[in-house]
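# Examination of the molecular architecture
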Amino acid sequence: MEPHPHSATLKRLEKSSGALAAQAITRMDETLPWYRAMPPENRSWIGLVAQAGIAAFTEWFRHPDAPQAISTDVFGTAPRELTRAITLRQTVEMVRTTIEVMESAIDEVAAPGDESILREALLVYAREIAFATAQVYAQAAEARGAWDARLESLVVNAVLSGEADEGAVSRAAALGWSSPEHVCVVLGTAPDGDSELTVEAIRRASRHAKLQVLTGVLGNRLVVIAGGSDNPLAVAKSLIGPFAAGAVVAGPVVPDLLAATRSAQAAAAGLKACSAWQDAPRPVLADDLLPERAIAGDPAAREQLVEEIYRPLEEAGSALLETLSVYLEQASSLEGAARMLFVHPNTVRYRLRRVTDVTGWSPSDVRSAFTLRIALILGRLAEADPQS
């Protein structure tokens with residue numbers, strides 16, 4: 001085996017590597033406030049990284065042409081959690097400090113005549129270690145990104161399937177969900193192509209709208225759990241861009257993530273029934289699809305129509321129910337209803353205004369009249385068969 005062309009310098013480098021590592025640690029302690037503030041365990045790991053960096057340079061100087069995995073040699077001594085404990089900027093500062101210490105010792109370490117050789121080697125090595133640092137943090141970011149995506153998918157699926165529990169809330173918190181007061185779920189068709197790009201587009205839209213979101217593509221559905229607004233229609237409009245063509249349905253606002261299952265189920269039922277309302281707006285509220293959902297077999301919609309329309313009218317007095325029923329049967333004619341009820345048209349007009357006050361739905365509006373008619377039918381069926 002041929003002797004190393006700079007064997008004297010190599011020996012001096014090997015001999016001084018421990019002292020150089022100690023100097024680097026001292027310099028970091030003097031110049032880097034974040035290093036001084038770290039727990040002893042993390043400072044110890046950083047010291048090992050500095051020692052490994054100097055040892056790796058020595059080995060690299062011994063065999064400059066041999067392929068070496070610098071990232072493994074240097075950063076493999078520290079646990080993966082260290083990339084969470086110190087930022088990329090801090091790691092760059094640590095590497096720069098170590099390189100500066102080594103550079104300042106070149107005249108002492110290099111054998112006479114080898115100063116320029118050692119300096120040039122250190123410059124090349126500094127470039128390689130910079131690339132290795134970037135690679136380590138890129139891999140860590142990719143791993144965290146993949147893990148976060150899986151975690152988010154679990155939360156979204158739990159909400160959509162009705163299995164949301166405290167575990168889902170905990171996982172959402174790990175993703176940065178800060179438990180906003182108002183939550184709703186928006187559902188629609190996912191576009192073809194890379195689902196990650198779709199998810200990122202939703203995130204951009206949510207940042208612009210100042211909303212918190214948990215999102216994912218489940219099958220052909222794009223699911224968005226949005227927090228931070230009590231206006232579900234406005235939420236859906238602000239996030240609608242990444243959705244594919246077709247219906248986009250916003251579920252009702254609920255107080256928190258645990259209750260988001262109710263919003264998700266309403267949105268899912270609305271998405272299923274939306275084809276029955278050909279002129280439905282886009283996006284549309286799940287509550288605006290109550291009659292279609294009820295006809296399609298959604299028990300929650302049936303119960304909501306009975307409890308929010310029929311029962312209040314019933315409690316307000318039989319006159320309102322009777323007037324509404326006759327008015328709808330008479331093709332929404334005030335005069336026709338007045339004749340059938342033997343009252344003045346103004347009396348019918350007054351009672352219909354009361355219907356609007358009680359239910360929030362106006363009998364004079366075609367769409368509202370349809371909803372009221374379905375509610376009356378369901379209410380009568382419930383009266384006839386209390387067990388249904």
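Residues numbered from 1 in each chain as written. Predicted model: local features only at pLDDT ≥ 70, side-chain atom pairs only at ≥ 80, totals over all residues. Heavy atoms only, no water.

### Some points on empty space enclosed by the protein
Cut-off, in case you're wondering: We place a 1 Å grid over just the protein atoms. Points where a 1.4 Å probe fits but has no way out form a cavity, open points with protein on both sides within 12 Å along at least 5 of 7 lines form a pocket, and any residue with an atom within 4 Å of a point lines it. Grid points are joined across faces, edges and corners, and a volume is the space filled by probe spheres set on the points. Note on conventions: DSSP H or I runs of at least 4 residues are helices, E runs of at least 2 residues are strands, and numbering of each starts at the N terminus. Each residue gets one of three labels, nonpolar for Ala, Val, Leu, Ile, Met, Phe, Trp, Tyr, Cys and Pro, charged for Asp, Glu, Lys and Arg, and polar for the others, Gly among them.
This model, assessed by the stated rule, comprises 2 cavities of 30 Å³ or more. When its volume is computed, the largest cavity comes out at roughly 100 Å³. For the largest cavity, the lining is made up of 12 residues, of which Val49, Gly53, Val95, Thr98 and Ile129 are closest to its centre. Secondary structure elements with two or more residues in the lining of the largest cavity: α3 (40–62), α6 (88–104) and α8 (115–161). Counting residues per element, the lining of the largest cavity draws most heavily on α6, at 5 residues. Residues of the lining of the largest cavity, tallied by class, amount to 10 nonpolar, 2 polar and no charged. The wall of the second largest cavity is formed by Leu13, Leu20, Phe57, Met102, Ala105, Ile106, Val109, Leu118 and Leu122. Listing elements by their share of the lining of the second largest cavity, those giving two or more residues are α1 (7–31), α7 (106–109) and α8. The residue makeup of the lining of the second largest cavity, split by class, is 9 nonpolar, no polar and no charged.

### Digging into the environment of Val358
To be explicit about the condition: We call two residues contacting when some pair of their heavy atoms lies within 4.5 Å.
Here Val358 shows up in helix α17 (residues 345–359). For the pair Val358 and Glu315, spaced 43 residues apart in sequence, the C-alpha to C-alpha distance is 9.9 Å. Beyond its immediate stretch of four places on either side in the chain, Val358 contacts Pro312, Leu313, Ala316 and Leu320.

### Description of the side chain of Thr9
Heads up, the condition is: Using a 1.4 Å probe on the protein chains alone, a residue whose accessible area is under 20% of its type maximum counts as buried, one over 50% counts as exposed, and one in between counts as partly exposed.
Mapped onto the elements of the fold, Thr9 is located in helix α1. The buried category is assigned to Thr9, whose relative accessible area is 0%. Once residues lying within four places of it in the same chain are set aside, the contact partners of Thr9 are Phe61, Val109, Ala110, Ala111, Asp114 and Leu118.

### Points about the nonpolar core
Convention followed: Buried Ala, Val, Leu, Ile, Met, Phe, Trp, Tyr and Cys residues that are joined via side-chain atoms within 4.5 Å together make up what is termed a nonpolar core.
Among the nonpolar cores identified, the biggest contains 33 residues, and Met28, Trp34, Ile46 and Phe57 are the most heavily contacted of them. Those elements giving two or more residues to this core turn out to be α1, α2 (33–36), α3, α6, α7 and α8. No other element matches the 8 residues that α3 contributes to this core. Discounting chain neighbours no more than four positions away, the residues touching Ile46 are Ile25, Met28, Trp34, Tyr35, Met38, Ile86 and Met94. Of all hydrophobic cores here, the second largest spans 28 residues; its members include Ile309, Tyr310, Val326 and Trp361.

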